[in-house]
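A structural walkthrough
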Amino acid sequence: MHKVLHRPHEPIEAVFSPLEGWCSFLILLEDGRSAEVGVAGAEGMIGLPLLLGSDRSGVEAMVQASGTLLQLGAAAFLEALERSPALKRLLLRYALAFQQQVAQTAACNGHHALDQRLARWLLVAHDRVKGDDFPMTQEFLAMMLCVHRPGVTVAARLFQQAGLIRYSRGHITVTDREGLEAASCECHRAVRQQYDHLLGCTTG
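Each value, and the rule that gives it
Residues numbered from 1 in each chain as written. Predicted model: local features only at pLDDT ≥ 70, side-chain atom pairs only at ≥ 80, totals over all residues. Heavy atoms only, no water. Axes fitted to C-alpha atoms, helices over the stretch in contact; angles between N-to-C directions. Helix = DSSP H or I, 4+ residues; strand = E, 2+ residues; numbered from the N terminus. Parallel < 35°, antiparallel > 145°, perpendicular 65-115°, else oblique. Contact = heavy atoms within 4.5 Å. Nonpolar A, V, L, I, M, F, W, Y, C, P; charged D, E, K, R; others polar. Pairing = 2+ DSSP bridges.

With that settled, consider the packing of helix H4 (residues 114-127) against helix H5 (residues 138-145). The packing of two helices is summarised by the inter-axis angle and the distance between the axes. Axis separation between H4 and H5 bottoms out at 11 Å; the angle between their running directions is 110°. Between H4 and H5, the interaxial angle falls into the category roughly perpendicular. Within the contact between the two elements, H4 uses Leu 114, Arg 117, Leu 118 and Trp 121 and H5 uses Leu 141, Met 144 and Leu 145. Class assignment of the residues belonging to the contact of H4 with H5 gives a composition of six nonpolar, no polar and one charged.

Here it is, written out as structure tokens:
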């Protein structure tokens, strides 16, 4: 189930921190299409505009892989920031790491081949799940990567034939993590390095 946590230009009433799974941040275009610009899992939070002084965002936050979410009301979150400068500093560092992820995603989508982008996205998802299996349809993969579904179908079939993944009935299983890393561009590695530098974790 793809639950929406907050919608574009509507008040953010709570912040969320996933304990497992991940949330995608989507730009919704006037023609009805959408594009993923960022991902947050257990390494981060949903609701960054509140940290940065706004009560709303221009993107939609949607749960892609379900799991337990910790929730805190907006007012309580702002009070916690006032009481704990250390918490605020940590979250500001996360905001900087997330900004790097968004920038790297834009560069990747604009300049790298579809198979490299698919490998990068599969690594991003694999980083945030327990085990090797996660739900994902080809329709959502195409939306995440800003391409038509036939292109994703071909790339996913090639990855499956190469033994990198198994794909069946809306589920993907990563069977060769090192192979996916070799097939990916440098973008996944670059974002992980930034997360490690700023937060001491390698999820990105």
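Here strand E7 (residues 133-135) pairs with strand E9 (residues 171-174) via three bridges, running antiparallel. Across the sheet, residue Phe 134 finds its bridge partner in E9, namely Ile 172. Taken together, the four bridges between strand E8 (residues 165-168) and E9 define a ladder with antiparallel strand orientation. Residue pairing for E9: Arg 166 is matched across the bridge by Thr 173. In this antiparallel pair of consecutive strands, E8 and E9, the connection spans two residues, and Arg 169 shows a positive phi of 50°.

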